[in-house]
Amino acid sequence: MAGRIVVLGAGESGVGAAVLARKEGFEVFVSDMSAIKPHYRDELVRRGIEFEEGRHTEELVLNADEVIKSPGIPNDAPMIVKLRERGISIISEIEFAGRYTTSKMICITGSNGKTTTTSLIYHIFKMAGMNVGLAGNIGNSLALQVAEDPHEYYVIELSSFQLDNMYDFKADIAILMNITPDHLDRYGYEMQNYVDAKMRVIRNQTENDAFVFWNDDPIIQRELKKYGITARLYPFAEAKAAGLAAYVEDEKVWFNTPESFNMEQESLALTGRHNLYNSMAAGISAGIAGIRKDTIRKALQTFKGVEHRLERVARVGGVDYINDSKATNVNSCWYALQSMPVKCVLILGGKDKGNDYNEIADLVREKCCGLVYLGLHNEKLHGFFDSFGLPVADVQSMKDAVGAAAGMAQKGQIVLLSPCCASFDLFKSYEDRGDQFKACVRAL
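Residues numbered from 1 in each chain as written. Predicted model: local features only at pLDDT ≥ 70, side-chain atom pairs only at ≥ 80, totals over all residues. Heavy atoms only, no water.

Student: Where do I start with the overall build of the protein in this structure?
Tutor: Counting its secondary structure elements, the protein contains 17 helices and 20 strands. Taken along the three principal axes of its C-alpha coordinates, the protein extends 65 × 50 × 40 Å. If you take every contact in the protein between residues at least 6 apart in sequence, the share linking residues at least 24 apart comes to 66%. Taken as a whole, the protein presents about 18,400 Å² of accessible surface, with 48% of it coming from carbon and sulfur. (Helix = DSSP H or I, 4+ residues; strand = E, 2+ residues; numbered from the N terminus. Contact = heavy atoms within 4.5 Å. Areas by Shrake-Rupley, 256 points an atom, 1.4 Å probe, with all protein chains shown as cover.)

Student: Is there a simple way to think about the sheet that holds strand β7 (residues 132–136) in this case?
Tutor: The strands that make up a sheet are held in pairs by hydrogen bonds between backbone atoms, and each pair lies either parallel or antiparallel. Taken together, the 9 strands give an open sheet; going across it, the order is β7-β8-β6-β9-β10-β11-β12-β13-β14, and neighbouring strands pair in mixed fashion. Strands with a single pairing partner mark the edges of an open sheet, and in this sheet they are β7 and β14 (261–264). In this sheet, neighbouring strand axes are inclined to one another by 20° on average, regardless of whether the strands run parallel or antiparallel. One ladder, built from 4 bridges, connects strand β9 (residues 173–176) with strand β10 (residues 210–214); its direction is parallel. Across the sheet, residue A174 finds its bridge partner in β10, namely F211. (Pairing = 2+ DSSP bridges. Axes fitted to C-alpha atoms, helices over the stretch in contact; angles between N-to-C directions.)

Student: Would you mind showing me how to read a negative patch on the surface here?
Tutor: On the surface, D250, E251, E264 and E266 cluster together into a negatively charged patch. Tracing the sequence through the fold places E266 in the loop between β14 and α11 (273–288). Judged by relative accessible area, which is 79%, E266 ranks as exposed. (Patch = residues over 30% accessible without salt bridge, like charges linked within 9 Å, V, L, I, M, F, W, Y side chains within 5 Å. Salt bridge = Lys/Arg side-chain N within 4 Å of Asp/Glu carboxyl O. Lys, Arg positive; Asp, Glu negative; His and termini not counted. Charge placed at Lys NZ, Arg CZ, Asp CG, Glu CD. Buried < 20%, exposed > 50% of the residue type's maximum accessible area, 1.4 Å probe, protein only.)

Student: I would appreciate a short explanation of helix α6 (residues 114–127) in the present structure.
Tutor: Residues lying three or four places apart along an α-helix face the same way, a consequence of the helix completing one turn every 3.6 residues. A rise of 1.5 Å per residue sets the reference length of α6, with its 14 residues, at 20 Å; its end C-alpha atoms lie 20 Å apart and thus fit the reference within 8%. The element α6 is extensively covered by neighbouring structure, given that 11 of its 14 residues are classed as buried. Among the residues making up α6, those that are buried are K114, T115, T116, T117, T118, S119, L120, I121, H123, I124 and F125. (Expected span 1.5 Å × (residues − 1).)

Student: Whenever I open this one, the nonpolar core confuses me. Can you help?
Tutor: Across soluble globular proteins, you tend to see nonpolar side chains buried next to one another. Of all hydrophobic cores here, the largest spans 53 residues; its most connected members are L142 and I156. Among the elements that make up this core, the one with the highest residue count is helix α1 (residues 12–23) (6 residues). For I156, the contacting residues outside a window of four places in its chain are I94, M105, I106, C107, I108, T118, A135, G136, L142 and F169. Ranked by size, the runner-up nonpolar core spans 42 residues in total, among them W214, Y234, L276 and I291. (Core = buried A, V, L, I, M, F, W, Y, C linked by side-chain atoms within 4.5 Å.)

Student: So what exactly am I meant to see when it comes to the packing of α1 against helix α2 (residues 38–47) here?
Tutor: Helix packing geometry: the angle between the two helix axes and the distance between the axes. Two elements in contact, α1 and α2, have axes whose closest approach is 10 Å; the angle formed by their N-to-C orientations is 10°. With respect to α2, the axis of α1 lies roughly parallel. In this structure, α1 contributes E12, V15, A18, V19 and R22 to the contact, and α2 contributes Y40, E43, L44 and R47. Its residues placed into classes, the contact of α1 with α2 shows 5 nonpolar, no polar and 4 charged. (Parallel < 35°, antiparallel > 145°, perpendicular 65-115°, else oblique. Nonpolar A, V, L, I, M, F, W, Y, C, P; charged D, E, K, R; others polar.)

Student: What's the story with helix α4 (residues 78–85) in this structure? I'm lost.
Tutor: For α4, the set of buried residues is M79, I80 and L83. Buried positions in α4, seen along its axis, are confined to an arc of 100° and lie on one side of it. What points out from α4, more than 90 degrees from its buried face, is the exposed set P78 and E85. For α4, the secondary structure elements touched by its buried residues are β1 (4–8), α3 (58–61), β4 (66–69) and β5 (89–91). Directly beyond the C-terminal end of α4, a positive phi value near 70° is found at G87. (Arc of directions from axis to C-beta.)

Student: How should the pattern of salt bridges be read in this particular structure?
Tutor: Where side chains of opposite charge bring their charged atoms close, a pairing between them can arise. As enumerated under the stated definition, the model contains 23 salt bridges in all. We note a salt bridge from E58 to K82, for which the minimum N-O separation is 2.2 Å. Within this pair, whereas E58 is found in helix α3, its partner K82 is found in helix α4, the two being separated by 24 residues in sequence. With relative accessibility at 31%, the residue E58 sits in the partly exposed group. Across the pair D172 and K170 runs a salt bridge whose closest N-O atoms are separated by 3.4 Å. Among the residues examined, D172 registers a relative accessible area of 15% and is labelled buried. Three or more residues joined by partner-sharing salt bridges are found here, namely E43, R46, R47 and E148.

Student: Explain the sheet that holds β5 to me, please; I cannot follow it from the model alone.
Tutor: In spatial order, the strands read β3-β2-β1-β4-β5; together these 5 strands make up an open sheet with parallel pairing. Strands at the two margins of the open sheet, each flanked by one partner only, are β3 (50–53) and β5. Each strand of the sheet is rotated relative to its neighbour by a mean of 20°, with strand direction disregarded. Bridging between β4 and β5 involves 3 bridges; their strand directions are parallel.

Student: How do you make sense of the packing of aromatic side chains when you look at a structure like this?
Tutor: Here the distance between the centres and the angle between the planes together describe a pair of aromatic rings. Scanning the model with the defined rule gives 13 aromatic pairs in all. Centre to centre, the rings of F255 and F261 are 4.8 Å apart; their planes meet at 15°, and the pair counts as stacked. For the pair F255 and F261, one class covers both residues: buried. With a centroid separation of 5.3 Å and an interplanar angle of 85°, the aromatic rings of W334 and Y335 are classed as edge-to-face. Judged by relative accessible area, Y335 falls into the buried class, the value being 5%. Taken together, the aromatic side chains of Y357, F384, F385 and F388 make up a single cluster linked through ring pairs. Sitting above the plane of the F388 ring, R365 keeps its charged end 4.0 Å from the centroid. (Phe/Tyr/Trp six-rings, centres within 6.5 Å; stacked < 30°, edge-to-face > 60°. Lys NZ or Arg CZ within 6 Å of the ring centre and 35° of its normal.)

Student: Before we go on, may I ask you to explain the packing of helix α16 (residues 398–408) against helix α17 (residues 430–442) in this structure?
Tutor: The geometry of α16 relative to α17 is characterised by a closest axis approach of 9 Å and an angle of 50° between their N-to-C directions. The orientation of α16 relative to α17 falls into the category oblique. Regarding α16 and α17, the two cross each other, and that crossing is right-handed. Taken together, the residues of α17 that come into contact with α16 (itself represented by M398, K399 and V402) are R433, Q436, F437, C440 and V441. A per-class count over the contact of α16 with α17 returns 5 nonpolar, 1 polar and 2 charged. (Left-handed = near helix turned anticlockwise from the far one by under 90°.)

Listed below in structure tokens is the structure:
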């Protein structure tokens, strides 16, 4: 046997890691503090992989040669502390999978826009006929694909939590969309700790690799000075400037690498400033990978968008309802509000992650005609927004939230679910929150 691997967490990444570890000859044990979802439990049983649920049994975990940790488990969890005290290596599923493949890795991170950008890059690669897999925060487990469905390229969305436990893994193309405050509750409420995690996306890159980033992000610009980056740099920005790989001029998006081409900004499938950045990052990355400009152009014109991200649900009584449940931080909500063409009723709230609402204060005053606070603990929202003089409702279910918003909105206006917060106080996930929103809207 190659040694004992213990996998903590039996979700998509954990079960995939267990399958790959078993294939590579390790003794494997999976442990989850919660109940394992039936389809993951069935997968472990079918493959004869030992597991436990509802507990972490110390003698079965602390004898590991290496531990693969689910990104959802915080670093201060008691079992993680005990593993560290014993000097047992703790890695992510992505780190583990990277050991067993030589495929090209296109890795996307950022506080906002990473899911759309990841999905858009995957769309371009598929349209180009490339042998490509989708992994990380979306798609199937990277480890499972490496074990049983290998691809020449992988397009991987990486959260800061996944990056935390990556050490030798290398991105052939690293994409950093932006860095704004998020998940500060997981980083000791120290912004620099979160920034350091995001910057790990360029770890181990060489002069043969590429780093694509938003040139106007002040935090990225500050951090670039700290690193002796050898990778080729591909910055993008809205305004034309020297050295940019993509920019906008005369209502056209211009791409400079490696094939120069342009396309009408209006022809992009995705609208809004944030999606302009997503489209530029995706187009640059596809060009670096050798995809022809005609394919890139066509793909950027045909992409359908991502569920729960500024997703139009329905028009009811002349009011448009938009599902932006994926906006789990304040900066995501800023982008959503900034793209609103008319007055809107904003539904926000949930599990606060150390949010500073000052970032959206001016946009709320300018764009909003009502606020609906959706959460178990809305005191912080009341304290910040009630003085704005807008109609306010306090609710603890999606049905009540949609009902209150419908009562506030007038014909020609928008109801926007863009919560600024995590979903876990009232919902299973942001997907569950968005699905409930859509169901309640369609029931109006």
